[in-house]
Amino acid sequence: MIGMIMFGVALLMLMVGFPVAFTFGGVALFFGVFAEGMDLFAFMPYRIMSVMQNTTLMAVPLFIFMGVVLQRTKLAAQLLTSMGRLFGGLPGGLAISTILVGALLAASTGVVGASVVAMGLISLPVMLAHGYDKRLATGTICGAGTLGQIVPPSIILIILGDVLGLPVGDLFKAAVIPGVVLIGLYVVYILVLTRFKPETAPPMPDDSGLSRGKEIQAALLAIIPPLALIVVVLGSIFAGIATPTESSALGGVGAVVLALIYRQFSFQMVWDASKDTVKVTAMVFAILIGATAFSMVFSYTGGDYLLEEWMLALPGEKWGFIILAMLVILVLGFFIDFVEISFIIVPILAPVAEALGINMLWFAILIAMNLQTSFLTPPFGFSLFYLKGVSPPTVQTTDIYKGVLPFILMQILVLALIVIFPEWFGMSSSY
Amino acid sequence: AQDTFTLRLAETWGPNFPIFGDTTKNFAERVEKMSDGRLKVRIDSANKHKAPLGVFDMVKAGQYDMGHSASYYWKGKVPNTLFFTSMPFGMNAMEQYAWFYHGGGMELMQEVYEPHNMLSFPGGNTGVQMGGWFRKEIKSLDDLDGLKMRIPGFAGEVFAEVGVNPTNIAPGELYTALERNTIDAVEWVGPALDLRLGFQQIADYYYTGWHEPATELQFLVNKKVWEKLPADLQEIMRIAMRTASYDMLVHSQHANAEAWANIKEEYPNVQIKQFPQDIFQAMYKANEKLLDEAANENEQAARIVKSQEEYLEKSRAYTNISERAYLNTMDEVE
Amino acid sequence: MRWIIKLDEGLAYLSTFCGWVACAAMILMAGNVFFDVVARYVFNDVSIGMQEMEWHLYSVVFLLGIPYALRTDGHVRVDVFYARWSDKTKAWINLVGAIIFVIPFSYLIWNYGYEFAIESYRMGEGSGDPGGLPHRWIIKSVIPVSAVFTAIAGLNMATHALRVMSGEKTYEAKHGAEGLA
Ligand code: NA
Ligand code: NA
């Protein structure tokens, strides 16, 4: 029960406005010391060490570095505005470009912190500068940045593969269609929204007196170099030159090379980019460390056993089970991080699902879609914190909370579609 | 009323890791039943303590009373722990258990763990581990030269001696790395566990093992905790650890047989291969050289290596006229 | 008041120093990963020592980055109410938060992190993989070192809050990661 009270207290304390990372850490400290004594914190160095040795997370600073360099050299703005220009007088061009760039990044990393922050650096300033609605801009970035979890490679899918004993390759393949559908839905949403509310996403201004044909030509030329960089990152994984994590370093070094080509390079620029990277990286990892203290206290005070008990009370009939399991995971995702859900909840659900004759691959994709949503749901959705961390002060937490709502709804919609029409996604619900 | 005890056990594996995780559950159940509830074991898996390779330190410091792991993981901390899991070209499971329980192995193991305030007991065996998944066939030593392979620890050093490039890849990226030829080969465990990672979908050549002929896990027990237990509970622990180990060995045999049947049926692309003799010879020599180096490091290592070598020689001679002779006979009649 | 200003500036200097080390580690890390990729793909050469150096540097980036970001107010806040409050209220929140959250949390990590690093030193721990790096205690000791500097940055947060309370400073000037975009 202590764990549950702790969530309530943390929620209240977060609202006060002290840095999120230290609020998590501090609340964990009070509850942990009160319930178990100081020595519980002897586990902390091990937990920090496990973050240090989790080399997949190296993608976070490396992608942020790429984003910062692209931003400082104005190459990011050039990429997005040119892409936006291709849409001509159509509103929402920048948002759609953001979703497409986000999808490319998602295909090269499975770490949400990396893609959300990189997208925040690359596209938030551009969208705001062109008069985009703050909510639409932040929602789009969180939605696009979080795609990294469902579009392979993805950490959630790897963990679920491990927990459910499914080959990672099968999961990666099964996740492709749901990922593409989600991306498509985002784009359709932007198109529909801007049809009714064009003021939320103004079209790019005409490029002074160029004919439409010339304009497209100019835009294509401007897109190529930065887009090529992202394609190189992705390509290096497909060609086997680099692992997904390493590809992010190619992105960072590639961005510096682009800066050289565009005569934007200086050692000062690299040093300043490194400073920005360190600050943002520290912000992300401080949250991870605060959160690991939090989940440590939660589980060592019996929170994990409590969750297990609740799970065992789920109904034993196929559709009732699926719907309730999905609801429970969705609600827990508001509070608990996806790794804990994967390791504590999923193993309890798995044998029940298996006994009901449910296709485990389908079940895994449902869970992955659902867990992806947990990155976006207030109050504890990490994507929201990460984006807030790189937003200008004019963007407030509430803007982001409201901005992600439509994207959460779209994810739930796709989840429901996979539940009801698995065959649309190339799967079946039972063996 | 008699005192009751609850021991907290940290395991290196995740909560539902097959076979390995079943071993600790099996142990905990037995202990509780045999002691009529006086001794309970609470298992914390890697998702809870987040320190799969911190089990040694946590049990040593008393943060946990017990651990379940593998001795060779501590090679970087205490070099001589290397010898109590499985050695390349070493004993098979039967021979190694005989060494532990009757050939002085246990005594040597306790001697190594004693200064660290811990006792170590055999904790279950995987049997022969497979030699790994290769995307290309290995026909000669030249094919190994510059080959990029995920192969950690001492076996990695042996491979390095014959020209392989041991490479670190995060477990979560192994599949993608092998699929995309970022690396050429992966060593994991055996059919039952490898199947979960899906290597059979992307690599055709599955090599037979030589580097870990009998991977033995371990139960670690904090010594102060052990000494606090009354003699009957200590005995219950001993028996439960020993049966859990035996159960794991037979469970591994069973699960691997099932998984292998499965692979053969569903992935006809997979071919079982053996390294050619010249490669084995080169690796054998490399292994001898590295063992000599290890033995020269300190007197204790020298004694352990000598004990294992002598025991292997003696017990292998018998294995040859019993198990091997029998398998050969079967070959001829089938 | 004067000594608080002096103390505040002195403490800030220490956090900036952490930031400097983290920035250097950041550039080295990007180079290190890039080098490893090129060495493996072009020259078919892999060094596990160099691969381990990657996570050593990456750890330095975020562990020493944390106190630096604290000084520059780079850690994200939920500003539903915070943004609307006066500087005085903000100063109180930061003063109290630094004293009851940041400093005790850092103290616990220092305390147990120190044991953790010392144990590694005593055992002479190194990598168990072929060609891996020796002296694991060096990177492990970055944990308690980071905790000390984080506590210092927490103290710095408190001295800064006192300066704001006295009216000599304001929270207006944003120089953190917020406002980067
Ligand atoms: Na991804
Ligand atoms: Na293995």
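Residues numbered from 1 in each chain as written. Chains lettered and ligands numbered in written order. Predicted model: local features only at pLDDT ≥ 70, side-chain atom pairs only at ≥ 80, totals over all residues. Heavy atoms only, no water.

Trainee: How would you summarise the interface of chain A and chain C if you had to cite specific residues and measurements?
Mentor: Frequently, the measure chosen for interface size is the accessible area that the parts lose on association. Across the boundary between the two partners, chain A contributes 77 residues, which contact 66 residues of chain C. Between chain A and chain C, a total of about 6,300 Å² is buried, with carbon and sulfur atoms accounting for 79% of that surface. Per-residue buried area on chain A facing chain C is highest for Phe-18, Phe-22 and Met-52 of chain A; these three make up 12% of the total on that side. Here chain A is connected to chain C by two salt bridges. Counting every contact that joins chain A to chain C gives ten residue pairs in polar contact (both at pLDDT 80 or more). Of all the elements, helix H13 (residues 267–300) of chain A adds the most residues to the side of chain A that touches chain C, at 17 residues. Residue composition of the side of chain A that touches chain C, grouped by class: 52 nonpolar, 19 polar and six charged. (Contact = heavy atoms within 4.5 Å. Buried area = accessible area lost by both parts, 1.4 Å probe. Salt bridge = Lys/Arg side-chain N within 4 Å of Asp/Glu carboxyl O. Polar contact = N/O pair within 3.5 Å; in protein donor to acceptor, adjacent residues only side chain to side chain. Helix = DSSP H or I, 4+ residues; strand = E, 2+ residues; numbered from the N terminus. Nonpolar A, V, L, I, M, F, W, Y, C, P; charged D, E, K, R; others polar.)

Trainee: Got a sec to walk through the packing of helix H6 (residues 93–106) of chain A against helix H10 (residues 168–196) of chain A? Specific residues and values, please.
Mentor: Residues and elements named next belong to chain A. At their nearest, the axes of H6 and H10 sit 9 Å apart, and the two run at 170 degrees to each other. Taken together, H6 and H10 sit at an angle that is classed as roughly antiparallel. Contacts from Ala-95, Ile-96, Ile-99 and Ala-103 in H6 reach Ile-183, Tyr-186, Val-187, Ile-190 and Leu-191 in H10. Here the contact of H6 with H10 is built from residues that sort into nine nonpolar, no polar and no charged. (Axes fitted to C-alpha atoms, helices over the stretch in contact; angles between N-to-C directions. Parallel < 35°, antiparallel > 145°, perpendicular 65-115°, else oblique.)

Trainee: Give a description of the sheet that holds strand S4 (residues 118–125) of chain B that names residues and reports values.
Mentor: Residue and element names in this part refer to chain B. Taken together, five strands build an open sheet; the order of strands is S2-S1-S3-S10-S4 and the sheet is mixed. At either margin of the open sheet sits one strand with a lone partner, and together these are strand S2 (39–44) and S4. Here the average twist between neighbouring strands, direction ignored, is 25 degrees. Relative to strand S10 (residues 216–222), S4 runs antiparallel, the two being bridged by six bridges. Residue pairing for S10: Asn-125 is matched across the bridge by Glu-216. Where helix H5 (residues 105–113) meets the sheet, it contacts S4 and S10, and its direction lies at approximately 130 degrees from that of S4. (Pairing = 2+ DSSP bridges.)

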